Amino acid sequence: MFEELGRLTPGTPEHARLRGSLIEANLPLVHYAAVRFRSRNEPMEDIVQVGTIGLIHAIDRFDMDRGVQFTTFALPTIVGEIRRYFRDSVRTVHVPRRLHELWAQVCAAAEDLTVALERTPTAAEIAERLRVPEEEVLASVDAGRAYRVSSLDAAREHEQGAPGPIDRLGYEDPGLAGVEHRALVQHLLVQLPEREQRILLMRYYRNLTQSQISAELGVSQMHVSRLLSRSFTRLRSANPIEK
């Protein structure tokens with residue numbers, strides 16, 4: 001079929017017909033290559049479509065005089081087209097080129113080791129095969145999975161009216177305002193005389209009544225009330241927020 005295609009003039013109906021027959025005959029090769037990317041969370045139909053573009057390029061560039069079988073020539077072209085699709089059209093998270101290239105090597109090594117070991121290889125075994133540190137293998141795996149980012153406003157799948165991720169990531173902690181208030185109170189308290197500081201602490205941190213404070217300090221309850229009132233006046237005058 002390739003010999004006959006080479007004798008036909010490109011653009012003629014006969015050439016287009018034979019070219020289409022070659023594409024259809026080699027579609028199983030595209031499916032074979034596409035299966036290698038089934039873990040990428042991308043619709044298989046899209047991967048096959050991109051791989052078919054690679055197949056068409058391979059058919060148009062194939063030269064029988066090189067003595068190479070078409071499948072040997074076409075498979076790298078199909079795989080390369082699919083990888084280019086993931087790199088340029090799917091990935092929304094930029095990763096270093098070194099990790100991106102290592103990810104392809106890790107995938108190939110994982111497939112070979114899976115066949116040889118009859119189980120899924122560990123990161124250490126892949127690192128030993130590629131002669132790279134295990135940490136780089138793990139980093140490349142994380143980078144290889146970083147193709148898309150999820151919207152923080154998106155609702156959970158299949159749940160109508162469910163809160164988005166942003167609603168579950170965090171919330172406004174009411175204690176944050178308390179931190180600021182405590183820091184401000186501490187700053188203002190040190191400006192008071194020691195006895196007034198002690199009375200305020202007894203009243204609002206130990207929750208003692210004025211009569212209990214007066215009994216502990218040996219002064220009248222009226223005097224405790226006056227000291228508290230004077231302390232509040234000083235604190236308000238020194239408070240920058242009140243100003």
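Residues numbered from 1 in each chain as written. Predicted model: local features only at pLDDT ≥ 70, side-chain atom pairs only at ≥ 80, totals over all residues. Heavy atoms only, no water.

Focus: the overall build of the protein
Alright, step 1. On a plain count of helices and strands, the protein comes out with 13 helices and zero strands.
Alright, step 2. Counting helices and strands in the order they occur from the N terminus, the protein gives α-α-α-α-α-α-α-α-α-α-α-α-α.
Alright, step 3. Counting across all 243 residues of the protein, residues that qualify as buried make up 30%.
Alright, step 4. Of the contacts made within the protein by residues no fewer than 6 positions apart, 52% connect residues no fewer than 24 positions apart.
Alright, step 5. With the model as given, the accessible surface of the protein reaches about 16600 Å², and the carbon-plus-sulfur share is 52%. (Helix = DSSP H or I, 4+ residues; strand = E, 2+ residues; numbered from the N terminus. Buried < 20%, exposed > 50% of the residue type's maximum accessible area, 1.4 Å probe, protein only. Contact = heavy atoms within 4.5 Å. Areas by Shrake-Rupley, 256 points an atom, 1.4 Å probe, with all protein chains shown as cover.)

Thoughts on the side chain of Glu81
Alright, step 1. As for its placement among the helices and strands, Glu81 is situated in helix α5 (residues 70-90).
Alright, step 2. Since its relative accessible area comes to 17%, Glu81 is described here as buried.
Alright, step 3. If near-sequence neighbours (up to four positions away) are discounted, Glu81 is found in contact with Val50, Ile53, Gly54 and His57.

Some remarks on the packing of aromatic side chains
Remark: the centre distance and the inter-plane angle together describe each pair of aromatic rings, the angle taken between the planes.
Alright, step 1. By the definition in use, this model includes five aromatic pairs.
Alright, step 2. An angle of 50° between the planes, with centres 5.7 Å apart, marks the rings of Phe62 and Phe73 as tilted. Within this pair, whereas Phe62 is found in the loop between α4 (44-61) and α5, its partner Phe73 is found in helix α5, the two being separated by eleven residues in sequence.
Alright, step 3. Among the aromatic residues, ring-to-ring pairing joins Phe2, Phe62, Phe70 and Phe73 into one connected group.
Alright, step 4. The ring of Tyr204 carries the charged tip of Arg203 above its face, separated from the ring centre by 5.3 Å. (Phe/Tyr/Trp six-rings, centres within 6.5 Å; stacked < 30°, edge-to-face > 60°. Lys NZ or Arg CZ within 6 Å of the ring centre and 35° of its normal.)

A short note on the pattern of salt bridges
Alright, step 1. In the structure shown here, the tally under the stated rule is six salt bridges.
Alright, step 2. When the shortest N-O distance is used, the salt bridge between Glu196 and Arg234 registers 3.5 Å. Of the two residues, Glu196 sits in helix α11 (residues 194-204) while Arg234 sits in helix α13 (residues 221-238), which places them 38 residues apart along the sequence.
Alright, step 3. Exposure remark for Glu196: the relative accessible area of 2% places this residue in the buried category.
Alright, step 4. Salt bridges sharing partners connect three or more residues here, namely Glu196, Arg230 and Arg234. (Salt bridge = Lys/Arg side-chain N within 4 Å of Asp/Glu carboxyl O.)

A few points about the confidence of the model for the protein
Alright, step 1. On average, the protein scores 80 in pLDDT, and the residues at 70 or more come to 78%.
Alright, step 2. Between the elements of the protein, mean pLDDT differs from a low of 59, seen in helix α9 (residues 165-169), to a high of 91, seen in helix α7 (residues 123-130). (pLDDT = per-residue confidence, 0-100.)

Details of the UniProt feature "domain: RNA polymerase sigma-70" (unreviewed entry) in the protein
Alright, step 1. Annotation from UniProt places "domain: RNA polymerase sigma-70" (unreviewed entry) at residues 46-59.
Alright, step 2. Secondary structure within residues 46-59 divides into 100% helix and 0% strand; the distance between the first and last C-alpha atoms comes to 20 Å. (UniProt positions renumbered as here; feature names shortened; annotations may be inferred.)

Remarks on the packing of α11 against α13
Alright, step 1. With their axes 10 Å apart at the nearest point, α11 and α13 run at an angle of 100° to one another. Looking at the two axes, α11 sits roughly perpendicular to α13. Seen from α11, the contacting residues are Arg195, Glu196, Ile199, Leu200, Arg203 and Tyr204; seen from α13, they are His223, Val224, Leu227, Leu228, Arg230, Ser231, Phe232, Arg234 and Leu235.
Alright, step 2. Residues belonging to the contact of α11 with α13 are distributed by class as follows: eight nonpolar, two polar and five charged. (Axes fitted to C-alpha atoms, helices over the stretch in contact; angles between N-to-C directions. Parallel < 35°, antiparallel > 145°, perpendicular 65-115°, else oblique. Nonpolar A, V, L, I, M, F, W, Y, C, P; charged D, E, K, R; others polar.)

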